[in-house]
Amino acid sequence: MNMDKEAGPRYVIGIDFGTASGRAVLVDVRDGRELAWHVTPYPHGVMEDELIGCGIRLGPEWALQHPGDYVEVLRQSVPAVVREAGVSSGQVIGIGVDFTSCTMLPVDEAGTPLLLKEEYRREPHAFVKLWKHHAAQGEADLINAVAAERGEAFLSRYGGKISSEWMVPKGLQVLREAPEVYAAADRFVEAADWIVFWMTGEMKRSSGCAGYKALWHSKEGYPSAAFYRALDPRFERFAETKLRGEIAPLGRAAGRLTGEAAAVMGLHPGIPVAPGMIDAHAAVPGVGATKPGQMVLSMGTSLCHLLLSDKELAVEGICGVARDGIIPGLYAYEAGQAAVGDLFGWYVQQAVPAYVERVADNEGVTVHKWLERRASRLRPGEHGLMALDWWNGNRSVLVNANLSGLIIGLTLQSKPEEIYRALLEATAFGTRKVIEAFETAGVEVRELFACGGLPGKNRLLMQIFADVTGREIKIAASTQTPALGAAMLGAVAAGSHCGGYDRIEEAAERMVRVQEETYRPNPAYRAVYDLLYREYTELHDLFGRGGREAMARLKRLQREAAAAGGQRDPEMPEQGGGRAKGNERR
Ligand SMILES: Nc1ncnc2c1ncn2[C@@H]1O[C@H](COP(=O)(O)OP(=O)(O)O)[C@@H](O)[C@H]1O
Ligand SMILES: O=C(CO)[C@H](O)[C@H](O)COP(=O)(O)O
């Protein structure tokens with residue numbers, strides 16, 4: 001592409017593919033100003049109960065998506081931001097994308113998703129398995145047992161356990177439950193890599209997705225064939241065949257926009273496209289974090305903790321660590337909580353009494369807002385409740401999707417706003433556990449930044465996080481931080497010769513701001529929260545480490561009942577984290 005053709009300022013587009021929707025943001029390369037953004041809800045949403053359109057029931061813990069929805073985001077949101085910003089498409093010099101992960105799908109030799117072929121349209125295993133598809137826990141347990149028994153060195157890079165959310169358990173589940181789909185799949189790819197392929201025609205694997213979610217290491221590659229064979233003889237060549245593909249490092253273009261993709265997106269062909277980045281990782285440059293000791297809390301449906309450090313140490317229950325994983329020259333650690341916004345969303349959609357909805361409606365506020373206002377009037381400890389935030393299992397530090405939610409202290413006097421506050425607090429206690437795991441291992445946490453949808457939605461939540469962790473929290477100025485981070489990668493993919501930047505740190509210096517207002521801990525509340533945290537820890541250890549298997553047994557009974565045909569009533573409304581519209585209304 002000849003960038004001299006168009007005079008004037010240069011722009012980049014960042015596209016963030018979240019759990020329920022995708023959004024594009026158009027950013028000025030010179031100063032990071034966001035000129036326009038646009039959200040496209042996924043038409044199929046998240047399929048948790050059945051395959052939309054054909055009524056095929058899914059088992060417990062399934063979560064699927066349709067890749068056509070991602071293309072819809074490109075078709076709608078990209079032209080919309082160019083139009084709304086009033087810029088010429090010839091001034092767009094780079095594109096970056098970030099995606100939830102591990103969100104994976106089987107494709108054929110041509111890169112076409114298997115579910116688009118007639119014979120697989122009704123086959124759940126041919127669909128995209130979303131990051132929060134937890135039905136591969138049995139496979140994850142097997143992988144962890146076999147890896148520990150064989151003394152596989154990679155385990156320590158992943159906090160000692162692999163999560164059911166990742167590529168290998170999901171691939172193994174396909175092999176065991178739908179061997180014909182496994183055989184028909186030329187490869188399994190991250191959705192982040194597939195959408196870059198769709199735009200550029202280049203099927204490359206982003207180093208971040210491969211490193212954090214598919215057990216790949218820049219020096220050691222994937223685990224050995226002997227390891228995969230020990231899992232299942234049919235799985236021996238999994239990495240060599242189904243995961244094959246060039247690894248695309250950060251900081252370079254993965255490819256250029258094809259003519260066909262450019263026509264759909266209303267852009268010029270030839271624009272450099274950066275390799276896909278994990279959504280939470282893109283938030284790190286997006287808030288301007290580039291130094292050791294800086295931790296970014298990417299707070300949305302889930303919460304991802306990203307910590308930069310100059311040391312590599314073994315930390316309990318992290319999701320992964322990689323040198324150069326996000327910022328060149330530094331180690332980037334990832335940990336996480338699998339339900340945060342989704343937990344609050346579940347409560348609002350599934351458990352608040354009808355009167356709350358009525359009163360909120362009369363007052364012209366959402367149920368979330370009403371509950372937040374009421375809960376803000378309570379002092380710490382006043383509700384007498386304590387919750388374990390494991391509604392979607394525990395990602396860090398216990399790495400166990402068989403764990404589930406819990407509230408104790410309920411009485412006949414308990415009020416909805418009290419329960420809501422207890423849920424907010426539980427997620428903050430979970431984050432304190434993660435911070436302590438890093439510090440216990442000797443990895444310093446000096447500064448906290450928060451970004452994602454939640455900081456702008458719920459002030460009480462942010463204050464509770466500051467009080468419970470006892471730390472100041474700086475809030476990203478951008479409400480679209482992962483998309484901004486992705487746009488910055490687009491600027492780096494373009495490089496300075498095309499009007500972008502050569503290094504991500506340079507892009508961060510020029511394109512990022514944090515808000516002036518921060519959340520500071522309230523010392524009086526801190527002391528009570530220290531006491532409450534002790535209670536949280538006692539419950540956490542009792543159910544998470546103490547050999548109490550009640551949660552796992554209940555899940556097993558649930559699976560057995562489902563297998564015997566007693567699945568959920570199709571007339572019941574969808575659960576939290578389902579289709580975007582229902583989620584946002586309240
Ligand atoms: N006022 C609110 N307080 C707390 N959580 C909220 C509020 N409004 C929406 N949520 C939750 O926020 C989540 C969406 O967060 P967001 O960052 O926008 O999405 P994503 O994680 O998909 O990028 C949903 O799970 C929803 O239940
Ligand atoms: O595991 C992840 C990142 O490593 C997922 O992408 C993430 O947890 C889902 O993100 P969001 O809450 O923003 O939808």
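Residues numbered from 1 in each chain as written. Chains lettered and ligands numbered in written order. Predicted model: local features only at pLDDT ≥ 70, side-chain atom pairs only at ≥ 80, totals over all residues. Heavy atoms only, no water.

## Some details on the pattern of salt bridges
Taken as a whole and assessed by the stated rule, the structure comprises 37 salt bridges. When the shortest N-O distance is used, the salt bridge between Arg-30 and Asp-28 registers 2.7 Å. Taking relative accessible area as the criterion, Asp-28 reaches 0% and is therefore assigned buried. Close ionic contact of Glu-48 with Lys-132 constitutes a salt bridge, the shortest N to O distance being 3.8 Å. Separated by 84 residues along the polypeptide, Glu-48 in the loop between strand S3 (34–41) and strand S4 (64–65) and Lys-132 in the loop between strand S7 (128–129) and helix H2 (137–149) bring together distant segments of the chain. For Glu-48, a relative accessible area of 17% translates into the label buried. Taken together, the shared-partner salt bridges connect Asp-28, Arg-30, Asp-31 and Arg-33 into one network. (Salt bridge = Lys/Arg side-chain N within 4 Å of Asp/Glu carboxyl O. Buried < 20%, exposed > 50% of the residue type's maximum accessible area, 1.4 Å probe, protein only. Helix = DSSP H or I, 4+ residues; strand = E, 2+ residues; numbered from the N terminus.)

## Description of the site of ligand 2
Close to ligand 2 lie Thr-19, Thr-100, Ser-101, Trp-131, Lys-213, Ile-278, Asp-279, Thr-301, Ser-302, Cys-304, Glu-334 and Arg-395, which account for all nearby residues. The contact in question runs from an oxygen atom of ligand 2 to an N or O atom on the side chain of Glu-334, over 2.5 Å. Contact between ligand 2 and Arg-395: an oxygen atom at 3.1 Å from a side-chain N or O atom of the residue. Expressed as a share of its isolated accessible area of 380 Å², the protein-covered part of ligand 2 is 92%. (Near = heavy atom within 4 Å. Polar contact = N/O pair within 3.5 Å; in protein donor to acceptor, adjacent residues only side chain to side chain. Areas by Shrake-Rupley, 256 points an atom, 1.4 Å probe, with all protein chains shown as cover.)

## Let's talk about the sheet that holds strand S17 (residues 331–337)
Across the sheet, which stays open at both edges, the seven strands sit in the order S16-S17-S15-S14-S20-S21-S22 with mixed pairing between neighbours. A single partner strand is all that each edge strand has here, and the edge strands are strand S16 (320–323) and strand S22 (514–519). For this sheet, the mean inter-axis angle between neighbouring strands, taken without regard to orientation, is 25°. Direction of pairing for strand S21 (residues 473–476) relative to S22: antiparallel, over a ladder of three bridges. (Pairing = 2+ DSSP bridges. Axes fitted to C-alpha atoms, helices over the stretch in contact; angles between N-to-C directions.)

## A few points about unusual backbone geometry
Look at the link from Ser-101 to Cys-102: it is a cis peptide, with omega at 0°. For the peptide bond that leads from Ser-396 to Val-397, omega is 5°, which places it in the cis range. Looking at the element boundaries, Val-397 is found in the loop between strand S18 (386–388) and strand S19 (406–408). Phi at Leu-215 takes a positive value of approximately 65°, unusual for a residue other than glycine. Looking at where Leu-215 falls in the secondary structure, it is placed in the loop between helix H6 (207–213) and helix H7 (225–231). Positive phi outside glycine occurs at Val-399, with the angle close to 50°. Secondary-structure assignment places Val-399 in the loop between S18 and S19. Of the residues examined, Val-399 reaches a relative accessible area of 10% and is grouped as buried.

## Considering the side chain of Glu-425
Tracing the backbone through its elements, the reader meets Glu-425 in helix H14 (residues 416–441). On the accessibility criterion, Glu-425 (2% relative accessible area) is buried. Excluding anything up to four places from it in sequence, Glu-425 contacts Pro-380, His-383, Ile-464 and Tyr-529. (Contact = heavy atoms within 4.5 Å.)

## Some details on the UniProt feature "domain: Carbohydrate kinase FGGY C-terminal" (unreviewed entry) in the protein
Per the UniProt annotation, the sites labelled "domain: Carbohydrate kinase FGGY C-terminal" (unreviewed entry) are residues 296–494. Along residues 296–494 the backbone is 43% helical and 19% strand, and the end-to-end C-alpha distance reaches 26 Å. (UniProt positions renumbered as here; feature names shortened; annotations may be inferred.)

## What about the pairing of S3?
As paired strands, strand S2 (residues 21–28) and S3 are joined by seven bridges and run antiparallel to one another. Its bridge partner lying in S3, Val-27 is registered against Glu-34.

## Re the domain arrangement of the protein
Here the protein is described as being made up of domain 1 (8–280) and domain 2 (341–430 + 523–566). Taking only C-alpha atoms into account, the centre of domain 1 sits 31 Å from that of domain 2. Each side of the interface is counted separately: domain 1 has twelve residues, and domain 2 has eleven residues. Linking domain 1 to domain 2 there are three salt bridges. The closest approach of N and O atoms between Glu-165 and Arg-395, which form a salt bridge, is 2.9 Å. Remark: the boundary between domain 1 and domain 2 carries six residue pairs in polar contact (both at pLDDT 80 or more). For the side of domain 1 that touches domain 2, the class distribution of residues is three nonpolar, four polar and five charged. (Domains from an automatic or database assignment. Nonpolar A, V, L, I, M, F, W, Y, C, P; charged D, E, K, R; others polar.)

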